[in-house]
Amino acid sequence: MIYNLEACREFYRGKRVLVTGHTGFKGSWLSRILTLAGAQVTGYSLEAPTDPSLFGIAGLADTMDSEIGDIRDLAHLKQVFERVQPEIVLHLAAQPIVRDSYKDPVYTYETNVMGTVNLLECVRLNSCVKSVLNVTTDKVYENREWEYGYRECDPLDGYDPYSNSKSCSELVTHSYQKSFFQDGRCRISTARAGNVIGGGDFANDRIIPDCVRAMASGSEIVVRNPYSTRPFQHVLEPLFAYLHIAQCQYEDAAYQGYYNVGPDDCDCVTTGSLVTMFCELWGEGAAWVNRHDGGPHEANFLKLDCSKIKHVFGWQPRWHIREAVEKTIQWSKAYLDGEDMLKMMDRQIGEF
């Protein structure tokens, strides 16, 4: 199954699509794919969460209908739904950082749980919506640190406030789907994605942005836990999978459900291995040091079983870990050299 920009255009051209969290890293890439596919894209989100941000660097506010708002503000969200009348809703708005969830758990739960409630309430009240995808995380599962990948039928019970709030978001979605949408008028799925990397991520406490910042400042890379294993993938991998899920369930309710979206086993690597690969590909004497900072609990071993999405949709990851790191470095060096980053985004979307 080849699902790329051309395939997107065939379905999404002219469709009214609402993306929450559009000013974030993943939301920016997703909004750009949809714009290139000819969709009528509206974004609903807080201001970009970092400075600099991919959303700002690429000038995306000038390319789409961008509504700045808080997912916790139900009245404002209702107004946007009534104005836009979206046919497809892709829900990415979230507080996405594990460490930040320890610092402010109330905000994390308000955003990730009640934000999902607010979104689904708007969907319930607007019959225009035919397809909804709630993007959660690979961390929704009760993590027993075992060596095989988690499957969609495994128990949900994230440990930290971020992971747990995303588990709750899944449960809210399942309840709304069963309580209000059994008539089939709107199809709803959730997607549990692995750790994404790619150009334009400026978040704190993420390993690749930390690497790029270190290179920009001419310092060594500090790795706080080089032995933790994560399912790393390029950001475009799950985004095209999200679009395919949303399309297929729009066309056939049989496709709605819960899907893991992660890399192959060969791309589930330790953080230390990832940073070593980054240093090799960056060159210029890049190096890293192991320095644990005594931070809060984070899972040590995490892997997804993606058999379901491969079987149902014929989906296969396209860029393995080395190519994903290469693309990220290509984007980052172009940014540091002052190039046109909207053109770089478009080029990498086309290459994918």
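Residues numbered from 1 in each chain as written. Predicted model: local features only at pLDDT ≥ 70, side-chain atom pairs only at ≥ 80, totals over all residues. Heavy atoms only, no water.

Help me understand the pairing of strand β9 (residues 229-234), please; the structure alone is not making it clear to me.
Consecutive side chains along a regular strand alternate between the two faces of the sheet. Burial runs high along β9: six of the six residues are buried. Side chains T229, P231 and Q233 project from β9 onto one buried face, and the interleaved R230, F232 and H234 project onto a second face that is buried too. Here strand β7 (residues 195-197) pairs with β9 via three bridges, running parallel. By the bridge assignment for β9, I197 is matched with H234. (Buried < 20%, exposed > 50% of the residue type's maximum accessible area, 1.4 Å probe, protein only. Helix = DSSP H or I, 4+ residues; strand = E, 2+ residues; numbered from the N terminus. Pairing = 2+ DSSP bridges.)

Explanation requested: the sheet that holds strand β10 (residues 258-261) in the structure shown.
Sheet strands line up and pair through hydrogen bonds in the backbone, either parallel or antiparallel. Taken in spatial order, the seven strands make up an open sheet running β3-β2-β1-β4-β5-β6-β10, and their pairing is parallel. The strands lining the two open edges of the sheet, one partner per strand, are β3 (65-68) and β10. Averaged over all neighbouring strand pairs, the angle between strand axes comes to 20°, with direction disregarded. (Axes fitted to C-alpha atoms, helices over the stretch in contact; angles between N-to-C directions.)

Whenever I open this one, the packing of helix α4 (residues 74-84) against helix α6 (residues 105-125) confuses me. Can you help?
Any two packed helices are characterised by how steeply their axes cross, that is the angle between the axes, and by the distance between the axes. Orientation of α4 relative to α6, taken along the N-to-C sense of each, is 40°, at an axis distance of 10 Å. As far as their axial angle goes, α6 and α4 are oblique. The way α4 lies across α6 gives a crossing that is right-handed. Of α6, the residues touching α4 (which contributes L74, L77, K78 and F81) are N118, L119, C122, V123 and L125. Residues of the contact of α4 with α6, tallied by class, amount to seven nonpolar, one polar and one charged. (Parallel < 35°, antiparallel > 145°, perpendicular 65-115°, else oblique. Left-handed = near helix turned anticlockwise from the far one by under 90°. Contact = heavy atoms within 4.5 Å. Nonpolar A, V, L, I, M, F, W, Y, C, P; charged D, E, K, R; others polar.)

Is there a simple way to explain the nonpolar core in this structure?
Here is a general trend for soluble globular proteins: nonpolar side chains tend to be buried in one another's company. One finds Y12, W29, L34, L90 and L236 to be the most contacted residues of the largest nonpolar core, which totals 61 residues. At nine residues, the largest contribution of residues to this core is made by helix α9 (residues 236-251). With near-sequence residues (within four places) excluded, L90 lies in contact with V17, L18, V19, T20, L30, L34, L133, L243 and A246. Residues Y44, V84, V89 and F181 belong to the second largest nonpolar core, which totals 23 residues. (Core = buried A, V, L, I, M, F, W, Y, C linked by side-chain atoms within 4.5 Å.)

I keep staring at the side chain of S165 and nothing clicks. Help me out?
Along the polypeptide, S165 turns up in helix α7 (residues 161-180). For S165, a relative accessible area of 0% translates into the label buried. A distance of 2.7 Å separates the side chain of S165 from the backbone oxygen of Y162, its partner in a polar contact. When residues no more than four places from it in sequence are discounted, the contact partners of S165 are T108, Y109, N112 and V113. (Polar contact = N/O pair within 3.5 Å; in protein donor to acceptor, adjacent residues only side chain to side chain.)

Would you take a moment to explain the packing of helix α12 (residues 321-336) against helix α13 (residues 341-351) for this structure?
Where α12 meets α13, the closest approach of the two axes is 10 Å, and the angle between their N-to-C directions is 165°. Our classification of the angle between α12 and α13 gives roughly antiparallel. In the crossing of α12 with α13, the sense of the turn from one axis to the other is right-handed. Contacts between α12 and α13 pair K327, Q330, W331, A334 and Y335 from the former with M341, M344, M345, Q348 and E351 from the latter. Per-class residue counts for the contact of α12 with α13 are six nonpolar, two polar and two charged.

Mind showing me how you'd approach the pattern of salt bridges here?
Tallying each qualifying case throughout the model produces 22 salt bridges. We note a salt bridge from R151 to D154, for which the minimum N-O separation is 3.6 Å. Notably, a salt bridge pairs E170 with R192, separated by 2.8 Å at the nearest N-O pair. Residue E170 is located in helix α7, and its partner R192 is located in strand β6 (residues 187-193); the two are separated by 22 residues in the primary sequence. Judged by its relative accessible area of 0%, E170 falls in the buried class. Taking the relative accessible area as the measure of exposure, R192 reaches 1% and is therefore buried. One network of salt bridges, with partners in common, ties together D65, E67 and R83. (Salt bridge = Lys/Arg side-chain N within 4 Å of Asp/Glu carboxyl O.)

What exactly am I supposed to notice about helix α1 (residues 5-12) here?
For an α-helix, 3.6 residues make a turn, and residues three or four places apart therefore share a direction. Looking only at α1, the buried set comprises L5, A7, C8, F11 and Y12. Projected onto a plane normal to the axis of α1, the buried residues spread over an arc of 155° and lie on a single side. For α1, the elements touching its buried residues are β1 (16-20), α2 (25-36), β4 (88-91), α9 and α13. Looking one or two places after α1, you find G14, whose phi comes out positive at around 85°. (Arc of directions from axis to C-beta.)

Got a minute to help me understand the pairing of strand β2 (residues 40-45) in this structure?
Burial runs high along β2: five of the six residues are buried. Where β1 lies against β2, five bridges are found, and the strand directions are parallel. Residue pairing across strands places V17 opposite V41, the latter belonging to β2. Running through α2, the crossover from β1 to the neighbouring parallel element β2 is right-handed. Bridging between β2 and β3 involves four bridges; their strand directions are parallel. Paired with G43 across the strands is S66, a residue of β3. (Right-handed = clockwise from strand over helix to strand, strands pointing away.)

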